[in-house]
Amino acid sequence: MDPKLIAVVGASGSGKTTVANQLHGAFNLMGRSVELISMDNYYKAVGHPLNNYDRPAAFDFDLLIDALCDIKSGKAIDVPTYDFVTHRRQSNVLRVEPADIILVEGLFLFALEELLTHFDVRIYLDVDPQICFERRFERDQKERGREPEDILRQYNDQVRPGYEQFIHPSRKHATHSIERLPRDVVDWATGLLDKPVA
């Protein structure tokens, strides 16, 4: 059976990784093999602290599309890794094996028609932008060692405009739009596998 590819998209701080991990656990409980890929690993190889990382142009779409083609055809792939402190792609890779379900989470998975066609299910996290900002503000200080003033500047200059221009409009491509997963994640995840793409 061909793998089912599920995209999880939303603003920075919307909970994409959390939702993807919850779905990962639910599919495991259902006895399905499942792998998780983060679009963040597909930032272009060399960046700079002042670059705008909240626009589609920051990503290596060709590499990501090739990876999705391979994994959907049953081939293992090597996913690059990215260091948000040095703004560089790292030498080590993450090996992703073929599985029943491939979860992919990221900002701009609905940005290109070539990407959309690979996903059997497209989930959009419709979360209040203020909540997203508060989550990002805390995360970037704790996990990425950034100063509050720098976080606020980047949010106002890049993150919010990128969300308004690219991410929020892309919700029209979603097959499912939610704020958070329901209490019974396994039941909801079962429904994802049973229903055809809208």
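Look a little higher up for the structure.
Residues numbered from 1 in each chain as written. Predicted model: local features only at pLDDT ≥ 70, side-chain atom pairs only at ≥ 80, totals over all residues. Heavy atoms only, no water.

By the criterion of burial, strand 6 (residues 121-125) is predominantly enclosed, with five of the five residues buried. Alternating positions in strand 6 separate into two faces, V121, I123 and L125 on one and R122 and Y124 on the other, with burial throughout. One ladder, built from five bridges, connects strand 1 (residues 4-10) with strand 6; its direction is parallel. By the bridge assignment for strand 6, V9 is matched with Y124. Where strand 6 lies against strand 7 (residues 176-178), three bridges are found, and the strand directions are parallel. Considered in strand 7, the bridge of L125 is made with I178. (Buried < 20%, exposed > 50% of the residue type's maximum accessible area, 1.4 Å probe, protein only. Helix = DSSP H or I, 4+ residues; strand = E, 2+ residues; numbered from the N terminus. Pairing = 2+ DSSP bridges.)

Here T81 lies in strand 3 (residues 77-83). For T81, a relative accessible area of 10% puts it in the buried group. Among the polar contacts made by the side chain of T81, one reaches the main-chain carbonyl oxygen of N92 at a distance of 2.9 Å. (Polar contact = N/O pair within 3.5 Å; in protein donor to acceptor, adjacent residues only side chain to side chain.)

With that settled, consider the pairing of strand 4 (residues 88-96). Bridge count between strand 3 and strand 4: six bridges; the pairing is antiparallel. For D83, the partnering residue across the bridge sits in strand 4 and is R88. Linking two consecutive strands that pair antiparallel, namely strand 3 and strand 4, is a turn of four residues; a positive phi of about 60 degrees is found at H87 within it.

Attention now moves to the packing of helix 4 (residues 129-144) against helix 5 (residues 148-167). Between helix 4 and helix 5, the least distance of the axes is 11 Å, while the angle of their chain directions is 140 degrees. For the element pair helix 4 / helix 5, the angle class is oblique. Like other packed secondary-structure pairs, helix 4 and helix 5 cross with a definite hand, here right-handed. Two secondary-structure elements touch here, helix 4 through P129, F133, R136, F137, D140 and Q141 and helix 5 through P148, I151, L152, Q154, Y155, V159, R160 and Y163. (Axes fitted to C-alpha atoms, helices over the stretch in contact; angles between N-to-C directions. Parallel < 35°, antiparallel > 145°, perpendicular 65-115°, else oblique. Left-handed = near helix turned anticlockwise from the far one by under 90°. Contact = heavy atoms within 4.5 Å.)

So, on to empty space enclosed by the protein. Overall, the coordinates contain two cavities of 30 Å³ or more when judged by the stated rule. The volume enclosed by the largest cavity comes to roughly 50 Å³. Lining the largest cavity, in full, are A11, S12, P129, C132, Y155, V159, R160 and Y163. Every element with two or more residues in the lining of the largest cavity is listed here: helix 4 and helix 5. With four residues, helix 5 is the single largest residue contributor to the lining of the largest cavity. Residues of the lining of the largest cavity, tallied by class, amount to six nonpolar, one polar and one charged. (1 Å grid on protein atoms, 1.4 Å probe; cavity = no way out; pocket = protein on both sides within 12 Å on 5 of 7 lines; lining within 4 Å. Points joined across faces, edges and corners; volume = space filled by probe spheres on them. Nonpolar A, V, L, I, M, F, W, Y, C, P; charged D, E, K, R; others polar.)

Turning next to the layout of surface pockets. In this structure, the largest pocket encloses a volume near 810 Å³. Looking at the largest pocket, it is lined by 30 residues, and the ones nearest its centre are S12, D40, F84, R139 and R144. For the lining of the largest pocket, the elements supplying multiple residues, two or more each, are helix 1 (16-29), strand 5 (101-106), helix 4 and helix 5. Sorting elements by how many residues they give to the lining of the largest pocket places helix 4 first, with five residues. In this structure, the second largest pocket encloses a volume near 180 Å³. Around the second largest pocket, the lining residues are S14, G15, T18, V19, Q22, V127, I131, R135, E179, R180 and L181. When contributions to the lining of the second largest pocket are tallied by element, the ones reaching two or more residues are helix 1 and helix 4. In terms of residues, the lining of the second largest pocket owes the most to one element, helix 1, which gives three residues. Looking at the lining of the second largest pocket residue by residue, the classes come out as four nonpolar, four polar and three charged.

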